[in-house]
Amino acid sequence: MRKSRLFLASLLVLAACGTADTPATPTASGGALAPVKLQLQWFYQAQFAGYIAAVDQGFYKEQGLDVQLLEGGVDIVPQTVLAQGKADYAVAWVPKALASREQGANITDVGQIFARSGTYQVAWKDSGITSAADFKGKKIGNWGFGNEFELFAGMTKAGLDPGQDVTLVQQQFDMQALLKKEIDAAQAMSYNEYAQLLEAVDPATGKPYTPDKFQIIDWKTAGTSMLQDAVWASTDKLNDPAYQQQTVKFLTGTIKGWAFCRDNAEKCRDLVVARGSKLGKSHQLWQMNETSKLIWPSTTGIGMIDEAAWKQTVDLSMSTKNQTGDTVLTKQPAGLAYTNDYIKQAVEQAKSNGVDVNGATFQPQTVTLSPGGA
């Protein structure tokens, strides 16, 4: 998901994550599972629980696939790993991936798993900051590495110049700078860093902070949210009927994994923790719950790309300026930037197998966070 000091240049970082040309794995019955590598965009956490569940519960194997998850990290750019042929699919935010496409990465969004953005900017309630317009003259934290695009879009909409009207501060991977009041507003994901604030102990009370201590600026409400976690495929390989069929199978298993996690949040929390996540059980349950909110309910079916949301993401990417005046994109995406062809088939296949692909009755839990997220 994350982070670097650079705006676009770091999107070209190459990562050696193995090869997608792995021999097929024999099965006990004498058949063979087709090997598939999926590059995640960050370390194991509930943000990727659906993929983890699809592996651990055998949903990919039901589709004849032997899926290997490639863990992400600070210097791994998923869309680049995919474009270099070192993975078969990758999970990446749409504006970052589109920026890479403009720079030559031949990739296509084949499944928009997150229908909604989970990005916040968080300030102290008593700071007087209630919108992006209030950032003027303030110290504004951000991670960089393409995660700041919605923040800059919010400032652009508010008439602020990120290069002159605010002091941009490179934010670390936690919320300590906000807690110590070294910055006035911090970037946070609804499913991760915001929870870190509620896991921190208020020295005035000796108890964890409560939500009323903070002011959330939600880019969905502000109208500058962009599409995030999507499954990206190789555009060139989509010309191959075998890869087309594999893509439908992979997406079908993925849908089943996310539906399983929607209905079995605690189980998926445990699967993520078992993968070696450094985040605690209550934190991961919070993350599982909040991640599900970004997916469900899904009116047209999980993973279907909404044209209006896509257009908003592209339009903002072409109009949002960073601190040097550069935009995320310089022109409309060329070629096959996205397609619903394969996810539509996968949704229908999952439905025929009895999977609830809409989650119309989904109700999020109320999760109690433990100090430190334990």
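Just so it is clear, the structure is predicted and the values come from calculations on it, not from any experiment. (Residues numbered from 1 in each chain as written. Predicted model: local features only at pLDDT ≥ 70, side-chain atom pairs only at ≥ 80, totals over all residues. Heavy atoms only, no water.)

> Quick question: what am I supposed to make of the packing of helix α9 (residues 241-263) against helix α11 (residues 281-295) here?
Contact geometry for α9 and α11: axes closest at 10 Å, N-to-C directions at 125°. On the basis of the axis angle, α9 is oblique to α11. In this structure, α9 meets α11 at a crossing whose hand is left-handed. Seen from α9, the contacting residues are Trp258, Cys261 and Arg262; seen from α11, they are Met288, Thr291, Ser292 and Ile295. (Axes fitted to C-alpha atoms, helices over the stretch in contact; angles between N-to-C directions. Helix = DSSP H or I, 4+ residues; strand = E, 2+ residues; numbered from the N terminus. Parallel < 35°, antiparallel > 145°, perpendicular 65-115°, else oblique. Left-handed = near helix turned anticlockwise from the far one by under 90°. Contact = heavy atoms within 4.5 Å.)

> What's the story with the pattern of salt bridges in this structure? I'm lost.
Close approach of charged atoms allows side chains of opposite charge to pair. Under the counting rule described, the total for this entry stands at 10 salt bridges. Note that lysine 256 is salt-bridged to glutamate 62, the shortest N-O span being 3.0 Å. Placement of the pair is lysine 256 in helix α9 and glutamate 62 in helix α2 (residues 59-62), with a sequence separation of 194 residues. Aspartate 356 serves as the salt-bridge partner of arginine 262, at 3.7 Å between the closest nitrogen and oxygen. In this pair, arginine 262 sits in helix α9 while aspartate 356 sits in the segment after α13 (341-352), placing the two residues 94 residues apart along the sequence. Aspartate 356 gets classed as partly exposed once you look at its relative accessible area, which sits at 34%. (Salt bridge = Lys/Arg side-chain N within 4 Å of Asp/Glu carboxyl O. Buried < 20%, exposed > 50% of the residue type's maximum accessible area, 1.4 Å probe, protein only.)

> Help me out: how do you make sense of the state of the cysteines in this one?
Any covalent bond linking the sulfur atoms of two cysteines counts as a disulfide. Following the criterion strictly, the structure yields one disulfide and no others. With a sulfur-sulfur separation of 2.1 Å, cysteine 261 is cross-linked through a disulfide to cysteine 268. Its S-S torsion of approximately -85° makes the covalent link between cysteine 261 and cysteine 268 left-handed. Note on cysteine 261: relative accessible area 0%, which makes it buried. For cysteine 268, a relative accessible area of 1% gives the class buried. (Disulfide = S-S within 2.5 Å.)

> What is the right way to read the nonpolar core from this model?
Grouped burial of nonpolar side chains is what soluble globular proteins tend to show. Of all hydrophobic cores here, the largest spans 76 residues; its most connected members are Leu38, Tyr51, Phe250, Ile255 and Trp258. By residue number, the principal contributor to this core is α9, which donates nine residues. Beyond its immediate stretch of four places on either side in the chain, tyrosine 51 contacts Leu38, Leu40, Tyr60, Leu69, Val91, Ile113, Val231, Thr254 and Trp258. Residues Leu98, Met226, Leu329 and Ala337 belong to the second largest nonpolar core, which totals 22 residues. (Core = buried A, V, L, I, M, F, W, Y, C linked by side-chain atoms within 4.5 Å.)

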